[in-house]
Amino acid sequence: MKKKRFILLAAAAVALASCQKNPDWDDLDYEYLVYTQCDTTTDWSAHASYYVPDSILVIGNSEEPLYWKDGDAKKLVETVATNLDARGYTRAAAKEDADLGVQLSYISSTRYFVSYPVNPYWWWYYPGYWSPYYWGAWGGWGYAYPVYYSYSENSLLMEMLDLTAPTGEDEELPVVWNAYVNGDNSGYRTFDRDRMARGIARAFEQSEYIQK
């Protein structure tokens, strides 16, 4: 039975928000594991637009920043955009014009451990443009739901940021939603890409509160 092979996430949650969603374990035999969590104080209807870059940060063994930009990456980015469009949000051409920012990161090989409450900076200064300064003049990251994660190979991470919050060196960049999509690597790129795209769609299905 394949079910155990997909349970690669080792997560221990502390003070979880009520909108945390765990997957239906009966559906995990052939699909990827999907985990979502949000800030319960967010007024989603107050936001109208979003920005998502056209590339995905690749987190692996390289000391140099790597970005996933091919057709497969584009399909995953467009899946995010399609789901947000369906919820009533408008995609902005520039991050400066958006209310929400969406960033995607892919774990290609190396296993990392992230402790949000201890060090909220994304990936402990991993090389790449996913930093508060990419989105504005914020001084750091802010999570309303402290969770400890262990990420494994072939994981896609999605985070949604509130870009309407006041900016400043002493302000934290509010992370209002995050999702984790993970499963085994079959070796068939298109097959795995499609499963990951369905995982993104499932993440939004589990997050019905994201609605204009």
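Residues numbered from 1 in each chain as written. Predicted model: local features only at pLDDT ≥ 70, side-chain atom pairs only at ≥ 80, totals over all residues. Heavy atoms only, no water.

K.L.:
Help me understand helix 4 (residues 189–205), please; the structure alone is not making it clear to me.
P.N.:
Owing to its 3.6 residues per turn, the α-helix brings residues three or four apart onto one side. End to end, helix 4 covers 24 Å across 17 residues, agreeing with the expected 24 Å (1.5 Å per residue, within 8%). Among the residues of helix 4, D192, R193, R195, M196, A197, G199, I200, A203 and F204 are the ones counted as buried. (Helix = DSSP H or I, 4+ residues; strand = E, 2+ residues; numbered from the N terminus. Expected span 1.5 Å × (residues − 1). Buried < 20%, exposed > 50% of the residue type's maximum accessible area, 1.4 Å probe, protein only.)

K.L.:
Mind showing me how you'd approach the environment of T42 here?
P.N.:
Inspection of the secondary structure puts T42 in the loop between strand 2 (33–38) and strand 3 (49–51). A residue is classified by how much of its surface remains accessible, and T42, at 14% relative accessible area, is buried. When the C-alpha positions of T42 and P174 are compared, they lie 9.9 Å apart, and in sequence the two are 132 residues distant. Apart from the residues within four sequence positions on either side, T42 is in contact with H47 and V176. (Contact = heavy atoms within 4.5 Å.)

K.L.:
It is not clear to me how helix 2 (residues 71–86) should be interpreted in this structure. Could you clarify?
P.N.:
The terminal C-alpha atoms of helix 2 lie 22 Å apart, and with 16 residues this matches the ideal 22 Å at 1.5 Å per residue to within 8%. Structurally, the start of helix 2 carries an N-cap: the backbone nitrogen of D72 is 3.1 Å from a side-chain oxygen of D70. G88 lies just past helix 2 and shows a positive phi near 100°. (Polar contact = N/O pair within 3.5 Å; in protein donor to acceptor, adjacent residues only side chain to side chain.)

K.L.:
Looking at this model, I keep getting lost on the packing of aromatic side chains. Mind explaining?
P.N.:
Any two aromatic rings considered together are summarised by their centre-to-centre distance and by the angle between their planes. Scanning the model with the defined rule gives five aromatic pairs in all. Each ring, one from Y51 and one from W135, has its centre 6.2 Å from the other, and the planes form 75°; the classification is edge-to-face. Here W135 lies in helix 3 (residues 132–135) and Y51 lies in strand 3, a separation of 84 residues in the sequence. For W135, a relative accessible area of 7% gives the class buried. One aromatic cluster is present, formed by Y51, Y134 and W135 through successive ring pairs. Sitting over the face of the ring of Y134, K95 holds its NZ or CZ atom 4.5 Å from the ring centroid. (Phe/Tyr/Trp six-rings, centres within 6.5 Å; stacked < 30°, edge-to-face > 60°. Lys NZ or Arg CZ within 6 Å of the ring centre and 35° of its normal.)

K.L.:
Please explain a negative patch on the surface as it appears in this structure.
P.N.:
Negative charge collects at one region of the surface, where E169, D170, E171 and E172 lie side by side. Along the chain, the position of E171 falls in the loop between strand 11 (155–162) and strand 12 (172–182). Looking at E171, the relative accessible area reads 37%, which means it is partly exposed. (Patch = residues over 30% accessible without salt bridge, like charges linked within 9 Å, V, L, I, M, F, W, Y side chains within 5 Å. Areas by Shrake-Rupley, 256 points an atom, 1.4 Å probe, with all protein chains shown as cover. Salt bridge = Lys/Arg side-chain N within 4 Å of Asp/Glu carboxyl O. Lys, Arg positive; Asp, Glu negative; His and termini not counted. Charge placed at Lys NZ, Arg CZ, Asp CG, Glu CD.)

K.L.:
Sorry if this is basic, but what is going on with the environment of P127 here?
P.N.:
The topology assignment puts P127 in the loop between strand 8 (112–115) and helix 3. Classification of P127 by relative accessible area gives partly exposed; the value is 25%. Here the alpha-carbon distance between P127 and L57, two residues 70 residues apart in the chain, equals 9.4 Å.

K.L.:
Explain the nonpolar core to me, please; I cannot follow it from the model alone.
P.N.:
Within soluble globular proteins, side chains that are nonpolar tend to cluster in buried spots. Among the nonpolar cores identified, the biggest contains 35 residues, and W44, I56, L84, M158, M160, W177 and I210 are the most heavily contacted of them. If you list the elements that add at least two residues to this core, you get strand 2, strand 4 (56–59), helix 2, strand 7 (100–107), strand 11, strand 12 and helix 4. It is helix 2 that contributes the most residues to this core, six residues altogether. When sequence neighbours within four positions are dropped, the list of residues in contact with I210 reads W44, L84, R87, Y89, M160, W177 and F204. In terms of nonpolar packing, the next biggest core, distinct from the first, is built from 24 residues, Y126, W135, Y145 and L157 among them. (Core = buried A, V, L, I, M, F, W, Y, C linked by side-chain atoms within 4.5 Å.)

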